[in-house]
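# Reading the structure
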Amino acid sequence: MATDLVAQLADSLAKAGVEDGELSYKGQGRKLDDAQSVEEMVKEIQDFSGLQALRLEGNTVGVEAARAIAKALETKSEFKRCYWSDMFTGRLRSEIPPALNSLGDALMLAGARLTVLDLSDNAFGPDGVKGIEKLLKSTACYTLQELRLNNCGMGIGGGKILAASLIQCHRKSSADGSPLSLKAFVAGRNRLENDGATALAQAFQMIGSLEEVHMPQNGINHPGVTALATAMQHNTSLRILNLNDNTFTEKGAIAMAQALKHLRSIQVINFGDCLVRPAGAIAIAESVSEGLPILKELNLSFGEITEEAALAVAGAVKNKSQLEKLDLNGNQLGEDGCKALKDSMEGMNMAELLGSLSDDEGEPEDDDEDDDEDEEEDEEEVDEEEIEEEEEEEEEEERSGTKLSTPVSAPRPPDVSSFLSFPSPDKLLKLGDKRALLIEQQVDVSDAAKTAEAFLKIASVYKEENNEVKNAVLNSIDALLRKAFSTPSFQGYNFVSSLLVLLGLIKSEDKVKPVLVVPGHLHSLEHVVQQDYFPKENVAVLQAFMSR
């Protein structure tokens, strides 16, 4: 496999200068307020023959600038991919819908057939969803395969608008003979709650083609989880299901366990921080044991699972030959339970697949469980009151037109040094949406060797089958290397030399120990050499060594 990847990388190095239909302004930090500020960009769009993708991530686009860009897109009939995340930083909420409407109208006028629409990290609320409502219902989205709306603050209202738009798109496209076959849906951190999740579940059930669903941190409780579980049964090609940090409780977990019996293609299940509890974990274990032949990752961390349930889960993965990780950290096993679980995994020759148990909360108090359901109901009532108050405040701010587009909720406290010391996918994701900036600030890019070292550490956690991790890795690498290569004192050849030494392709007088090369290193290099910030002369040097 590694040989194939090296050959693929060498081929990519040779083709690094070839256009692939993508025009990128990613991460340039431009403040685009009016038509004058985008004159050069507009000309490049107009002159780009066969434009298929436009990257505007990491810039801030005003209404007039969006209209000018839209005008340039009106003739681009081959257009397919919108990479428009993090595009309205610092803009008033009232500016975003007209900007999105202009861009959407242009794509419809062009006769574009979209495959990717990514508007993540634009905290535009329900009104932002209204800005793409017409586009989503149009022929331009009949071919949509990936819809990414992570961290957009949609709320219940936005979730319902989105669901209705997808349902109408599916109905119209089906009548046209080409049903919407959405593959990936990403909408984490959107406060969708039960009503928003239930509305989307109706759309998912109708669509039936989903392969990835990512909806972490949405305040969904068992009614919404149950609705999603029913919908997932109709998406039998589902490979990745990430509902991290919602509240299943036994009811939701048992419903989801039932859904898993229909999902033989599932590879990644992330129900961490979902309070599945012992009965829920045992139900899930039963489904895992009976099916799921190609399961790779199972995350049931921080779910108040006890020793008996954890051992049932361990027993369920016994014959999963493709399993790569079982995460049961942060549960209530106690010292003896942790030892029993480790012994069980070791007895199946799977000890290395068990994640850390360092955050185990110890055995539960005997009287805790009796009051759990009552506490849950009380918490839901309090949450609903708080949410209603927040929504009223937001509506008032939106009416006055003063609310800025900002992230809806803050990520957990980041620890970049911990990630760079001991890299893991979970640690990278927990750095939050500002991970690229945090890493960029941590690494001294004036030191080419340290930059090369940091690059390989980030790249080592790359996962081809997990889009969330993959995108986090590539975005972090892009930010780091773009800053490095734009720093006057940065020596590009020293960076490449250090990289080749660490990869074991050339020897160093300092006796630097090479890293263990993993596929992520090669995939990341393949990505990097195709970016505009990476000098072509450095591509030639890498090509000379990689093609041996």
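Residues numbered from 1 in each chain as written. Predicted model: local features only at pLDDT ≥ 70, side-chain atom pairs only at ≥ 80, totals over all residues. Heavy atoms only, no water.

## A word on the state of the cysteines
Worth spelling out the cut-off: Criterion for a disulfide: a pair of cysteine sulfur atoms within 2.5 Å.
Counted by the stated rule, this structure contains zero disulfides. With no disulfide of its own, Cys 82 lies closest to Cys 141 among cysteine sulfurs, the gap being 7.9 Å.

## Overview of the pattern of salt bridges
How we decide: Any Lys or Arg side-chain nitrogen found within 4 Å of a carboxyl oxygen on Asp or Glu counts as a salt bridge. The secondary structure listing takes helices from DSSP runs of H or I that are at least 4 residues long and strands from runs of E that are at least 2 residues long, numbered from the N terminus. Exposed residues in this analysis have more than 50% of their type's maximum accessible area, buried residues have under 20%, and partly exposed residues fall in between, with area computed by a 1.4 Å probe over protein chains only.
With the rule as written, the count across this model stands at 25 salt bridges. Its salt-bridge partner being Lys 26, residue Asp 478 comes within 3.2 Å of it at the nearest N-O pair. Of this pair, Asp 478 sits in helix α18 (residues 467–485) while Lys 26 is found in the loop between β1 (22–24) and β2 (31–32), placing the two residues 452 residues apart along the sequence. With relative accessibility at 13%, the residue Lys 26 sits in the buried group. In this structure, a network of salt bridges that share partners links the residues Lys 31, Asp 33, Arg 91 and Glu 95.

## Comments concerning the packing of helix α2 (residues 39–47) against helix α3 (residues 63–73)
The relative placement of two packed helices is expressed as an angle between their axes plus a distance between the axes. For clarity, the threshold we go by: Axis definition: a line fitted to C-alpha atoms, over the contacting stretch in the case of helices. Angles run 0 to 180 degrees between N-to-C directions. Working rule for angles: under 35 degrees goes down as roughly parallel, over 145 as roughly antiparallel, 65 to 115 as roughly perpendicular, anything else as oblique. In this scheme, a crossing is called left-handed if the near helix is turned counterclockwise away from the far one by less than a right angle; it is called right-handed if the turn is clockwise. A contact between two residues is defined here by any heavy atoms of the two lying within 4.5 Å.
α3 packs onto α2 with a crossing angle of 15° between their chain directions and a minimal axis gap of 8 Å. Taken together, α2 and α3 sit at an angle that is classed as roughly parallel. The two elements α2 and α3 cross, and the hand of that crossing is right-handed. On the side of α2, the interface is formed by Met 41, Val 42, Ile 45 and Gln 46, while α3 contributes Ala 68, Ile 69, Ala 72 and Leu 73.

## Observations regarding the packing of helix α4 (residues 96–110) against helix α5 (residues 125–137)
What counts, and what does not: Lys, Arg, Asp and Glu make up the charged group, whereas Ala, Val, Leu, Ile, Met, Phe, Trp, Tyr, Cys and Pro make up the nonpolar group; the residues left over, Gly among them, are polar.
Packing of α4 against α5 leaves a shortest axis separation of 8 Å and a crossing angle of 10°. It follows that α4 is roughly parallel to α5 by the angle criterion. Between α4 and α5 the crossing geometry is right-handed. Every residue of α5 that contacts α4 at Pro 97, Leu 100, Asn 101, Gly 104, Asp 105, Leu 107 and Met 108 is listed here: Asp 127, Gly 128, Lys 130, Gly 131, Ile 132, Lys 134 and Leu 135. Here the contact of α4 with α5 is composed, by residue class, of six nonpolar, four polar and four charged.

## Looking at the environment of Leu 149
Topologically, Leu 149 is positioned in the loop between β7 (146–148) and α6 (155–175). Judged by its relative accessible area of 1%, Leu 149 is buried. Taking the C-alpha atoms as reference, Leu 149 lies 9.3 Å from Arg 189; in sequence the two are 40 residues apart.

## Here's the deal with the sheet that holds strand β3 (residues 53–55)
For clarity, the cut-off: Only when DSSP finds a minimum of two bridges between them are two strands counted as paired.
Strand order in this open sheet of eleven strands is β1-β3-β5-β6-β7-β8-β9-β10-β11-β12-β13, and the pairing throughout is parallel. In this open sheet, the two strands that pair with only one neighbour each are β1 and β13 (325–327). Within the sheet, the average angular offset between the axes of one strand and its neighbour, ignoring direction, is 5°. The sheet contact formed by β1 and β3 spans three bridges and is parallel. Directly across from Glu 22, in β3, lies its bridge partner Ala 53.

## A closer look at the packing of aromatic side chains
As a reminder, the rule being used: When the centres of two rings from Phe, Tyr and Trp lie within 6.5 Å, Trp using its six-membered ring, the rings pair. Their planes under 30 degrees apart give stacked, over 60 give edge-to-face, and anything left gives tilted.
Overall, the coordinates contain seven aromatic pairs when judged by the stated rule. Here Phe 185 and Phe 204 contribute two aromatic rings whose centre-to-centre distance is 4.9 Å and whose plane-to-plane angle is 65°, an arrangement assigned as edge-to-face. Separated by 19 residues along the polypeptide, Phe 185 in strand β8 (residues 184–186) and Phe 204 in helix α7 (residues 193–207) bring together distant segments of the chain. With a relative accessible area of 0%, Phe 185 lands in the buried category.

## Regarding the side chain of Arg 93
The criterion, for reference: For the purposes of these results, a polar contact is taken to be a pair of N or O atoms within 3.5 Å, where, inside protein, one atom must be able to donate a hydrogen and its partner to accept one; residues adjacent in sequence count only when each atom of the pair is a side-chain atom.
Here Arg 93 shows up in the loop between β5 (81–83) and α4. A distance of 2.8 Å separates the side chain of Arg 93 from the backbone oxygen of Ala 123, its partner in a polar contact.

## Considerations on the nonpolar core
For clarity, the threshold we go by: For this analysis, a nonpolar core means a set of buried residues of the types Ala, Val, Leu, Ile, Met, Phe, Trp, Tyr and Cys, connected via side-chain atoms within 4.5 Å.
Counting residues in hydrophobic clusters, the biggest one holds 119 residues, and the most contacted among them are Leu 73, Trp 84, Phe 185 and Phe 271. Those residues in contact with Leu 73 that sit more than four places away from it in its chain are Ile 45, Leu 51, Leu 54, Phe 79, Trp 84, Leu 103, Ala 106, Leu 107 and Ala 110. In this structure, Ala 452, Val 469, Phe 485 and Leu 525 belong to the second largest nonpolar core, which totals 40 residues.

## A few points about the side chain of Gln 267
Structurally, Gln 267 can be placed in the loop between α9 (249–260) and β11 (268–270). What makes Gln 267 buried here is its relative accessible area of 14%. With near-sequence residues (within four places) excluded, Gln 267 lies in contact with Arg 239, Ile 294, Leu 295, Lys 296, Glu 297 and Glu 465.

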